[in-house]
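# Structural description and commentary
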Amino acid sequence: MNLRPKRAYISSAILWAYSICTLLLLIYMTYQAFRSKKELLSNTFGLPDVFNFANFKKLFIEADFFRYFLNSAWILAATLAIVILLASTVAYGIGRYQFRLKSVVLLYFLIGLMFPVQLGIVPIFLLIRDFGLLNSQWGVVLVLASGLSLPVFLLTTFFEKLPKDLYESAKIDGANEWKTFYRVMFPLASPVVYSICIIMSVQIWNQFFVPLIMLQSDSKRTIPLMIMKFTNNLMFNLDLAMAGSVAATVPVLILFFIFSGRVLEGVASGGVKG
């Protein structure tokens, strides 16, 4: 008896159920953001009487949302730049060359997928402090950029699949090792790079733990920490918490919808060996 169709139906049903629940939560959070604090407290699950933009006006003007947004955006951009630079060069070396202990090096990166940053936060905190990067956004960037396991794995698998003829053709044309990488190999890996950027963007944008530990000054903190500040006194800031959650979700959703096709293509290219 072939169980594969039944398993496929079960998997599809689970994914659809998860997607519908997530969509309903997003819709609920969105329309709640347009309700006044009085409405939220008196009738939590009700619909808005009138869609009111006062919460967002208060968020952007009084709560200084743009400052937190720029902090998050800068940390995101700097982290992605470092991750792509390091992961692509490391993966190219692992994927294109044979050397002793190659499997051990790759296993080292794969093991990193099993250990979250929370397990090593004490020595990481002490190291960042000793480098003088405590309460600096660079400290957050360096800690987050150390999460190279998934990017290295996807890019290594992609580079391993590329035909050797491409490399040999570049050598015949007189390209050195560096030119071969950034003019031939790296452009071909763009679908994988796009998928890595989108997947990691969600993780970095929503990162709460590392900025909470590393950043003490409110002027340097990120959007998740701003929302935490509202939830610490939820009775008085419930309207701002809802509006802030919606405003923080919109940029990531826009990026995902724009590049969703490339994400699927990149995961397929980097996660399946030919």
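It should be noted that the structure appears before, not after, this text.
This report concerns the structure included in the present document. (Residues numbered from 1 in each chain as written. Predicted model: local features only at pLDDT ≥ 70, side-chain atom pairs only at ≥ 80, totals over all residues. Heavy atoms only, no water.)

## Description of the nonpolar core
Short version of the rule: The nonpolar core is taken to be a set of buried Ala, Val, Leu, Ile, Met, Phe, Trp, Tyr and Cys residues, with the residues joined through side-chain atoms within 4.5 Å. Exposure is judged per residue with a 1.4 Å probe applied to protein chains only, and the accessible area is read against the type maximum: over 50% gives exposed, under 20% gives buried, and values in between give partly exposed. Only DSSP runs of H or I reaching four residues or more are called helices, and only runs of E reaching two or more are called strands; each is numbered from the N terminus. Residues count as neighbours in contact if any of their non-hydrogen atoms are within 4.5 Å of one another.
Grouped together as the largest cluster of nonpolar side chains are 60 residues, with contacts concentrated most on Leu59, Leu155, Phe159, Ile223 and Met226. The leading source of residues in this core is helix α4 (residues 65–96), at 12 residues. Setting aside residues up to four positions removed in sequence, Leu59 forms contacts with Asp64, Phe65, Met226, Phe230, Leu240, Ala243, Gly244 and Ala247.

## Points about the environment of Leu188
Secondary-structure assignment places Leu188 in helix α10 (residues 177–188). Of the residues examined, Leu188 reaches a relative accessible area of 37% and is grouped as partly exposed. For the pair Leu188 and Phe209, spaced 21 residues apart in the sequence, the C-alpha separation amounts to 35 Å. Apart from the residues lying within four places of it in its own chain, the contact partners of Leu188 are Phe158, Leu162 and Leu166.

## A closer look at the pattern of salt bridges
Which entries qualify depends on this criterion: Here a salt bridge means any side-chain nitrogen of Lys or Arg lying within 4 Å of a carboxyl oxygen belonging to Asp or Glu.
Using the criterion set out here, one finds five salt bridges in the structure. Notably, a salt bridge pairs Arg129 with Asp130, separated by 3.5 Å at the nearest N-O pair. Assessed through its relative accessible area of 45%, Arg129 is described here as partly exposed. Judged by relative accessible area, Asp130 falls into the exposed class, the value being 58%.

## Digging into a nonpolar patch on the surface
The following threshold applies: Candidate patch residues must exceed 30% relative accessible area and have no salt bridge, after which like charges are joined if within 9 Å and Val, Leu, Ile, Met, Phe, Trp or Tyr side chains if within 5 Å. The method behind every accessible area is Shrake-Rupley, applied with a 1.4 Å probe, and residues are considered shielded solely by the protein chains displayed.
Taken together, the side chains of Leu107, Ile111, Leu113, Met114, Phe115 and Leu119 define a hydrophobic patch exposed on the protein surface, amounting to about 640 Å² of accessible area. As for its placement among the helices and strands, Ile111 is situated in helix α5 (residues 102–111).

## Observations regarding the environment of Val90
With respect to the secondary-structure elements, Val90 resides in helix α4. You can call Val90 partly exposed: its relative accessible area is 29%. Spatially, the C-alpha atoms of Val90 and Leu101 are 14 Å apart, while their sequence positions differ by 11 residues. Those residues within four positions of Val90 in sequence are excluded, and the remaining contacts are Phe109 and Val152.

## Notes on unusual backbone geometry
One non-glycine residue, Asp64, lies in the positive phi region at around 60 degrees. Assignment of secondary structure puts Asp64 in the loop between α3 (54–61) and α4. Overall, Asp64 belongs to the partly exposed group, its relative accessible area being 31%. Notably, Asn135 is not glycine yet its phi reads approximately 65 degrees, a positive angle. With respect to the helices and strands, the residue Asn135 is situated in the loop between α6 (121–130) and α7 (137–145).

## Looking at the side chain of Arg221
What counts is decided by this rule: Charged residues are defined narrowly, with Lys and Arg counted positive, Asp and Glu counted negative, and His plus the chain ends left uncounted. Any pair of N or O atoms that falls within 3.5 Å is considered a polar contact. Within protein, one atom must be able to donate a hydrogen and the other to accept it, and sequence-neighbouring residues count only if both atoms are side-chain atoms.
Tracing the backbone shows Arg221 in the loop between α12 (209–214) and α13 (223–231). Here Arg221 sits buried without a salt bridge, and the closest side chain of opposite charge, Asp218, lies 5.2 Å off (N-O distance). Polar side-chain contacts of Arg221 include one of 3.0 Å to the backbone oxygen of Leu215. Beyond its immediate chain neighbours, meaning those up to four positions away, Arg221 contacts Tyr68, Asn71, Leu212, Leu215, Gln216 and Met228.

## A closer look at the packing of α4 against α5
A pair of packed helices is captured by two measures, namely the crossing angle of their axes and the spacing between those axes. The following threshold applies: Axis definition: a line fit to C-alpha positions, over the contact stretch in the case of helices; interaxial angles, taken between N-to-C directions, run 0 to 180 degrees. Helix crossings get a hand from a simple test, with the near helix turned counterclockwise from the far one by less than a right angle marking a left-handed crossing and a clockwise turn marking a right-handed one. The residue classification treats Ala, Val, Leu, Ile, Met, Phe, Trp, Tyr, Cys and Pro as nonpolar and Asp, Glu, Lys and Arg as charged. All others, Gly included, are polar.
At a closest axis distance of 10 Å, the pairing of α4 and α5 adopts a crossing angle of 145 degrees. Handedness of the crossing formed by α4 with α5: left-handed. Mapping the contact onto sequence places Val90, Ile94 and Gly95 in α4 and Lys102, Val105, Leu106 and Phe109 in α5. Class assignment for the residues of the contact of α4 with α5 results in five nonpolar, one polar and one charged.

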